[in-house]
Amino acid sequence: MLYWSGAFAAVALLAVPISILLGNSAVLAGHPALPILLLTAVGLGILWMLILLRSSPLFHLGTLFQRSTPINRPDPNNQRTAANSREQLPTASSWQLARGLVVRIAALGLVAGLVWLSPFRYQPSGDDGQTNGTTAEDTTSITLTPEGKPSAGLIFYPGARVDAHAYQDILGPLVNAGHLVVILKVPLGIALLDTSQARGVMDRHPDITAWAVGGHSLGGVSAAGFAKSNGDVSGLLLFASFPAASLAESTGLAVLSISGSNDRLTTPEKVAESKSLLPPTSTYATVEGGVHAFFGDYGEQPGDGQPAITREQAQQQITAESVSFMNRLRG
């Protein structure tokens, strides 16, 4: 049981990460933490397979067969019985059995976690607007720089497990309006693993005089946490999101919260309940008929509601509100 369950876990550690690496283009295009984790799992699977080959029952039976077979002629004084041969096969105590099962369950749990971490890929909506300016990309961010010299900038945290490229089109109009936009590639696709990631971007662009941070869903939670602990942030842009801690005392922080009426993940009820966590001067916009997945271009999302509006119509409203917010922040 230990051998064959270990073989199954080792094969899973090999096959699943490789299939994710080869089958999801968003993995290698994102933050390097996930590819490193996947390759580590592959390495563990290879090591485990080598150990299993060494401890294979067939290997031990072959060894016993070689020892019990005479090379020249049989020695009647040194004959082994079948019972003696069976006694030399490897056995496991109750402790070894329990420990082995725990290791195998942990390995399969790691595989399941890797499957869950596989990101939602960027899926262009078919109406990609032209962005004036330049696009630069590295391992941790996508920087959209407008023509001319921008004075205001937005640092955007993606939603959980969503490809950072999925926000290029919906944030493109902000670049056309003269604002710098930096979309973060977050570790393992979970923005909460590094909420301070925006600080490095701010340090790289000292000419920006008005900074806003924003995010979609879980990314908005991270953006709100960064805005709370960094007083040089002037604005907070929330896409279908709300803060985890109170920002009610941050009276100098401009906030715009945009949500969808048909969103079943960040529901209208959750948005209404969270208003007490935001400054009294915060503004709110609702996309009637919009859903959670309309705040980016990555297809449908499990658990989301049914839209009563097209993606294009919803994103036109989202971008219009966002551009107006950033223009006021710059002013």
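Above this text is the structure in question.
Anyway, here's the lowdown on the structure attached to this text. All residue numbers here refer to positions counted from 1 along the written sequence of the relevant chain. Local features in a predicted model are, by the rule used here, given only for residues with pLDDT of at least 70; side-chain atom pairs are given and counted only at 80 or more, and totals for whole chains, interfaces and linings are based on all residues. Note that the side-chain values use all heavy atoms of the structure and ignore hydrogens as well as water.

Think of a 1 Å grid over just the protein atoms. A cavity is a set of points where a 1.4 Å probe fits yet cannot get out, a pocket is an open set with protein on both sides within 12 Å along at least five of seven lines, and lining residues have an atom within 4 Å of a point. Grid points are joined across faces, edges and corners, and a volume is the space filled by probe spheres set on the points. Following the criterion strictly, the structure yields one cavity of 30 Å³ or more and no others. Quantified by volume, the largest cavity comes out at close to 170 Å³. Looking at the largest cavity, it is lined by 17 residues, and the ones nearest its centre are G30, H31, V162, V186 and G189. Class assignment of the residues belonging to the lining of the largest cavity gives a composition of eleven nonpolar, three polar and three charged. Note on residue categories: nonpolar means Ala, Val, Leu, Ile, Met, Phe, Trp, Tyr, Cys or Pro, charged means Asp, Glu, Lys or Arg, and polar means any other residue, Gly included.

Attention now moves to helix α1 (residues 2-23). Working note: α-helix, 3.6 residues per turn, so residues spaced by three or four point in the same direction. End to end, α1 covers 31 Å across 22 residues, agreeing with the expected 32 Å (1.5 Å per residue, within 8%). Working definition: with a 1.4 Å probe on protein chains only, accessible area under 20% of the residue-type maximum means buried, over 50% means exposed, and in between means partly exposed. Counting from the N terminus, the helices are the DSSP runs of H or I reaching at least four residues and the strands are the DSSP runs of E reaching at least two. Among the residues making up α1, those that are buried are Y3, G6, A7, A9, A10, A12, L13, P17, I20 and L21. Between the first and last residue of a helix there are one fewer steps than residues, each counted as 1.5 Å, and that sum is the expected span.

So, on to the sheet that holds strand β2 (residues 141-145). Ordered in space as β1-β2-β4-β3-β5-β6-β7-β8, the eight strands form an open sheet in which the pairing is mixed. The sheet is open, and its two edges are formed by β1 (134-137) and β8 (283-287), each paired on a single side. Neighbour-to-neighbour, the strand axes of the sheet open up by a mean angle of 15 degrees, direction not taken into account. By the bridge criterion, four bridges tie β1 to β2 in an arrangement that is antiparallel. Residue T134 lies in a different strand from β2, and its bridge partner there is T145. The sheet contacts of helix α7 (residues 168-176) involve β1, β2, β3 (152-157), β4 (180-184) and β6 (235-239), and relative to β4 the element is tilted by about 155 degrees. In what follows, residue pairs with any heavy atoms lying within 4.5 Å of each other are defined as contacts. Axis definition: a line fit to C-alpha positions, over the contact stretch in the case of helices; interaxial angles, taken between N-to-C directions, run 0 to 180 degrees. Here helix α11 (residues 311-330) sits on the sheet in contact with β3, β5 (210-216), β6, β7 (254-260) and β8, set at roughly 180 degrees to β7. Should DSSP find at least two bridges between two strands, the strands are regarded as paired.

Another point: the packing of aromatic side chains. The criterion for an aromatic pair is that two Phe, Tyr or Trp rings (for Trp, the six-membered ring) have centres within 6.5 Å, with stacked assigned to planes under 30 degrees apart, edge-to-face to planes over 60 apart and tilted to the rest. Counted under the stated rule, the structure contains five aromatic pairs. Residues Y3 and W4 carry aromatic rings whose centres are separated by 4.9 Å and whose planes lie at 85 degrees to one another, so their mutual orientation is edge-to-face. Residue classification places W4 among the exposed positions, given a relative accessible area of 64%. Consider the rings of F156 and Y167, whose centres lie 5.0 Å apart with planes at 50 degrees: the pair is tilted. In this pair, F156 is assigned in strand β3 and Y167 in the loop between β3 and α7, connecting sequence segments eleven residues apart. Taking relative accessible area as the criterion, F156 reaches 0% and is therefore assigned buried. Only when the NZ atom of a Lys or the CZ atom of an Arg is both within 6 Å of the ring centre and within 35 degrees of the ring normal do we say a charge sits over the ring. One Lys or Arg, R161, reaches over the ring of W116 and ends 4.2 Å from the middle of that ring. The positively charged end of K275 is found above the aromatic ring belonging to Y284, 4.6 Å away from the centroid.

Turning our attention to the nonpolar core. When a protein is soluble and globular, its nonpolar side chains tend to lie buried together. Core analysis: the biggest nonpolar cluster contains 37 residues, and L154, Y167, L171, I183, F239, I258 and M326 have the highest contact counts within it. With six residues, the top contributor of residues to this core is α11. If sequence neighbours within four positions are ignored, F239 has contacts with F156, L171, G215, H216, S217, I258, F295, I318 and S322. Here, the term nonpolar core denotes a set of buried Ala, Val, Leu, Ile, Met, Phe, Trp, Tyr and Cys residues that are joined through side-chain atoms within 4.5 Å. Core analysis: the second largest hydrophobic core is formed by 24 residues, A191, A198, M202 and L236 among them.

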